[in-house]
Amino acid sequence: MRRSSFSPEPDCAIAQSLGVVGDGWEFLIIRDLARGLDRFELLAESLHISRKVLTERLNGLLDNGIAERTAYQNRPARYSYQLTPRGRALLPVLVALQDWGDRWLLGDGDLTGTNAPEEPTAHRIHQLVGRRIPDGLTLPAGAVLRDVVDVGAHATVLFGYPATGRPTRLPDGWADIAGASGCTLENKLFAEKAAEFTAAGIAVHGVSTQRPDEQSAFAELEGIQHVLLSDTDLTLTAALRLPTFRAGGYERLKRLILIVAPTREIKAVLYPIIDIPAAIDWAYQTAREL
């Protein structure tokens, strides 16, 4: 394997880390494990690599405590693979790498909170239609953990937004970032239609990378009744490869809406969002018609 000729500097954490996950295939395996692709065949199909290479890279991740495996069949032996806490700690690295690629390789280098419909980032998000949100994916909602999907509802409207300015002050220059402003308005408009969503059996979940206590304080100040989920660890962001931008030292979600069935299948996507009131009307009509 390539590590036989790689000698990390003993006192450099970057070099030491590259000695563990310094190969592109390893990062892509971590990406796909985060997406819920937990079987060898699923990984091979997604990555289009030889079984030999996949076996080598998986064994390296297992040996270094990045992934673990559980037998689900004995004859012949078959395993499912999951990220360990050490592996999940790499998710912000993956998201930062994706953000860099979206901005500097797939984009023109401008800092933006949205994308044009024809851009590769928008294309990637629309490819989520038909995919499932991984089972058991929970996020903090205030002081408790909540499933991202309300499986008891007719449908779940899951809307991602960058950040609200109450109670925490937004970063300098926020208003100059295209697509960043409007989060308070979006939440308040969803709140105003709460009775309609509830009558139709539609759950509304907002998600941002703000802390749970910040979200709870915002909800109390603005009278927000729908669930607000905190993705500070970027678990959902990595699982769905959601678009982000970096502002104020944090990765922020770009504004989008997913319509999710009780089966956890994503049925519809709205991205980019140009008109916030129209987007909320779209979410209601689309979810009701599932």
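Our structure's up above, just so we're on the same page.
Thresholds, definitions, all that
Residues numbered from 1 in each chain as written. Predicted model: local features only at pLDDT ≥ 70, side-chain atom pairs only at ≥ 80, totals over all residues. Heavy atoms only, no water. Helix = DSSP H or I, 4+ residues; strand = E, 2+ residues; numbered from the N terminus. Rg over C-alpha atoms; globule rule 2.2 N^0.38 Å. Buried < 20%, exposed > 50% of the residue type's maximum accessible area, 1.4 Å probe, protein only. Areas by Shrake-Rupley, 256 points an atom, 1.4 Å probe, with all protein chains shown as cover. Lys, Arg positive; Asp, Glu negative; His and termini not counted. Charge placed at Lys NZ, Arg CZ, Asp CG, Glu CD. Contact = heavy atoms within 4.5 Å. Core = buried A, V, L, I, M, F, W, Y, C linked by side-chain atoms within 4.5 Å. Pairing = 2+ DSSP bridges. Axes fitted to C-alpha atoms, helices over the stretch in contact; angles between N-to-C directions. Phe/Tyr/Trp six-rings, centres within 6.5 Å; stacked < 30°, edge-to-face > 60°. Parallel < 35°, antiparallel > 145°, perpendicular 65-115°, else oblique.

### Observations concerning the overall build of the protein chain
Consideration 1: Counting its regular elements, the protein chain contains twelve helices and eleven strands.
Consideration 2: Radius of gyration (C-alpha) of the protein chain: 20 Å, near the 19 Å computed for a compact globule of 290 residues.
Consideration 3: Judged by the C-alpha coordinates and their principal axes, the protein chain covers about 60 × 45 × 40 Å.
Consideration 4: Within the span of the protein chain, comprising 290 residues, buried residues form 47% of the whole.
Consideration 5: As displayed, the protein chain has an accessible area near 14,100 Å², and 53% of this comes from carbon and sulfur atoms.
Consideration 6: Taken together, the 31 basic and 36 acidic charged side chains of the protein chain have centroids lying 6 Å from each other.

### Considerations on helix α1 (residues 13-21)
Consideration 1: Residues of α1 that are buried include every one of Ala15, Gly19 and Val21, and no others.
Consideration 2: Lining the buried residues of α1 we find α2 (24-34) and α4 (51-63).

### Focus on the nonpolar core
Consideration 1: Ile29, Ile30, Leu33, Leu54, Leu58, Leu61 and Leu83 are the most contacted members of the largest nonpolar core, which has 25 residues in total.
Consideration 2: Elements supplying a minimum of two residues to this core: α2, α3 (40-47), α4, β2 (78-83) and α6 (91-105).
Consideration 3: Residue contributions to this core peak at five residues, all from α2.
Consideration 4: Dropping the residues within four chain positions of it, Leu33 is found in contact with Asp38, Leu43, Ala67, Tyr81 and Leu83.

### Quick notes on the pairing of strand β1 (residues 67-73)
Consideration 1: Strand direction decides the pairing type here: β1 and β2, joined by six bridges, are antiparallel. Along β2, the bridge assignment pairs Glu68 with Gln82.

### Some thoughts on the sheet that holds strand β11 (residues 266-270)
Consideration 1: The five strands are arranged β7-β6-β5-β10-β11 in an open sheet whose pairing can be described as mixed. The two strands at the open ends of the sheet, each matched to only one other strand, are β7 (227-230) and β11. Strand-to-strand twist in this sheet, taken as the mean axis angle between neighbours without regard to direction, amounts to 20°.
Consideration 2: Examined bridge by bridge, strand β10 (residues 256-260) and β11 share four bridges and lie antiparallel to one another. Bridging from a neighbouring strand, Val260 pairs with Ile266 of β11.
Consideration 3: With respect to the sheet, helix α8 (residues 183-192) is in contact with β5 (155-160), β6 (202-208), β7 and β10, its orientation differing from that of β5 by roughly 160°.
Consideration 4: Helix α12 (residues 276-288) contacts β5, β6, β10 and β11 of the sheet and is inclined by roughly 10° relative to β10.

### Topic: the packing of aromatic side chains
Consideration 1: A full pass over the atoms with the stated rule returns five aromatic pairs.
Consideration 2: Taking the centre distance of 4.4 Å and the plane angle of 20° together, the rings of Phe159 and Phe190 count as stacked. Taken together, the positions of Phe159 in strand β5 and Phe190 in helix α8 put the pair 31 residues apart, joining distant regions of the chain.
Consideration 3: Considering the side-chain rings of Phe190 and Phe197, the 5.8 Å spacing of their centres and the 45° angle between planes classify their relative orientation as tilted.

### Here we look at the packing of α2 against α4
Relative placement of two packed helices is described by the angle separating their axes and the distance separating the axes.
Consideration 1: Relative to each other, α2 and α4 sit at 75°, their axes nearing to 10 Å. Judged on the interaxial angle alone, α4 and α2 are roughly perpendicular. Here Trp25, Glu26, Ile29 and Ile30 of α2 lie close against α4, whose contacting residues are Val53, Leu54, Arg57, Leu58 and Leu61.

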